[in-house]
Amino acid sequence: MDKNYYDILGVSKTASQDEIKSAYKKLAFKYHPDHNPGDNAAADKFKEVNEAYQTLGDPDKRAAYDNPASSFGGFGGGSSGGFNGDFGGFSGFGGIFDNIFNFFGGGSANAHPQGRDVGIRVTLSFEEAAFGTQKEVNVTRTEPCSACNGTGAKNGTEFTKCSTCNGAGKIRQVQNTPIGQVASERVCPKCGGTGKIIKEACPKCFGKAFLRVNTKLKLTFPPLMENGQTVTVRGEGDKVKGGTPGDLVIAVSVTPHKLFTRKGADLYMTYPITMMQALLGDKVKVPAIKGDPLAVTVPEGTQSETTVKVRGGGVDTGKRKGDMYVNLVVDIPKNLTREQKAKAKELAELFKDSQYESVKNFNRK
Ligand SMILES: [Zn+2]
Ligand SMILES: [Zn+2]
């Protein structure tokens, strides 16, 4: 009996009662039999944590534990070696569970099974992600077998009472320790907590009590979904008899668009213009994600990589209207004919060096 209660709870010797209580809650939750069915190591940990809290959670007992000599009239001396005394007030059986149930709202070792979450991947087109959509998805999940009403026994009736737990579904263990009796409860390993042993297995689920079922679900995706986003649909995961179903967790992929990228409701695109359009200016029509093309004015003397904003040209969700950012890129022709080259040279001579802003500024540096 040289376990250090402070180490068990992972707190320092100077921890406040609040710190001890919060450490205890965390650990008790972690190792609670409800969350670790059939895990004996967790059950042992749970017992240990409770034992530690029975002492450290009570300031009087804690003081006695910290200073055994004073409290036990010099008995034994040394650390916790003197714990042969009787705390009297500790009621043993039941006391621990009363404590736990105050924290966790009551229940037995197998009161509320929780279905597992089911993950699926859904791919949306660029437009579906932008505007939102309804989609039918296939979900494969576990559901209680309908033929046996989730019991695993033929017709839901062919079983007998479990002899190990006498039908209770859980086993109580009481241990005598130097500080009194410590009780713990765990799921019956023989019947798995049902309290029943199957006499004749259900022919549909072969006694497993559940089935893998393919279900179609119609889901509504809101507008402005992002690639890589996760959507959780409560209660559409694995279903368990008498418990809370798991969630359906959807990883959304969005197919890239040929022309557009999107940030929120704003759209971005690169639009090529000719050298002459850049030089002389023009009015162009760029594609919109929906409806008529958007009118964009290319100003005279437009540099390559100039971005023009078209207000309201982005995604219109009904609630929000984004803008379109058009990146104008100047396209310069290659492989000129002899005549084109001659004319271009003529033209080049008409321009003054001072008209090339960037070149001029660069040369100044
Ligand atoms: Zn049993
Ligand atoms: Zn069945």
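Here goes a summary of the coordinates provided. Along each chain, numbering runs from 1 in the same order as the chain's sequence is written. Chain labels run from A onward and ligand labels from 1 onward, assigned in the order the entries are written. The model is predicted, so local features are restricted to residues of pLDDT at least 70 and side-chain atom pairs to those at 80 or more, both for listing and for counting; the totals for chains, interfaces and linings are taken over all residues. Hydrogen atoms and water are omitted, and side-chain values are computed over all heavy atoms in the structure.

1. Concerning the sheet that holds strand 14 (residues 306-310)
Logical step 1: The criterion for strand pairing is that DSSP finds at least two bridges linking the strands in question. Secondary structure follows DSSP: runs of H or I at least 4 residues long count as helices, runs of E at least 2 residues long count as strands, and numbering of each begins at the N terminus. Taken in spatial order, the four strands line up as 10-11-15-14 in an open sheet, and their pairing is mixed. Of all the strands in the sheet, just strand 10 (260-263) and strand 14 have a single pairing partner and so form its edges. Here the average twist between neighbouring strands, direction ignored, is 30°. Angular values range over 0 to 180 degrees, each being the angle between N-to-C directions of two axes fitted as lines to C-alpha atoms, with helices fitted over their stretch in contact.

2. Observations regarding the packing of helix 3 (residues 40-56) against helix 4 (residues 59-66)
Logical step 1: Orientation of helix 3 relative to helix 4, taken along the N-to-C sense of each, is 100°, at an axis distance of 6 Å. Judged by the angle between their axes, helix 3 and helix 4 are roughly perpendicular. Contacts between helix 3 and helix 4 involve Q54, T55 and L56 from the former and K61, R62 and Y65 from the latter.
Logical step 2: Each residue receives one of three labels: charged for Asp, Glu, Lys and Arg, nonpolar for Ala, Val, Leu, Ile, Met, Phe, Trp, Tyr, Cys and Pro, and polar for the others, Gly being one of them. The class makeup of the residues in the contact of helix 3 with helix 4 is two nonpolar, two polar and two charged. The cut-offs work like this: below 35 degrees is roughly parallel, past 145 is roughly antiparallel, 65 to 115 is roughly perpendicular, and the gaps in between are oblique. Contact between two residues is taken to exist if any of their heavy atoms lie within 4.5 Å; hydrogens are not considered.

3. Concerning the coordination of the zinc ion (ligand 2)
Logical step 1: The protein atoms that coordinate the zinc ion (ligand 2) are C145 (SG), C148 (SG), C202 (SG) and C205 (SG), at distances spanning 2.3 Å.
Logical step 2: Only N, O and S atoms count as donors, using a 2.8 Å limit from the metal and a wider 3.2 Å limit for Na, K and Ca, and since water is excluded some coordination spheres may look unfilled. Geometry assignment treats four donors as tetrahedral when all angles are between 85 and 135 degrees, treats four as square planar and six as octahedral when opposite donors are over 155 degrees apart and all others between 65 and 115, and treats everything else as irregular. One way to put it: the four donor atoms around the zinc ion (ligand 2) meet at angles of 104 to 115°, and that makes the site tetrahedral.
Logical step 3: In the primary sequence, the donor residues of the zinc ion (ligand 2) line up as C-x2-C-x53-C-x2-C. Like C148, C145 is buried. The classification of residues rests on relative accessible area computed with a 1.4 Å probe and restricted to protein chains. Under 20% of the type maximum is buried, over 50% is exposed, and intermediate values are partly exposed.

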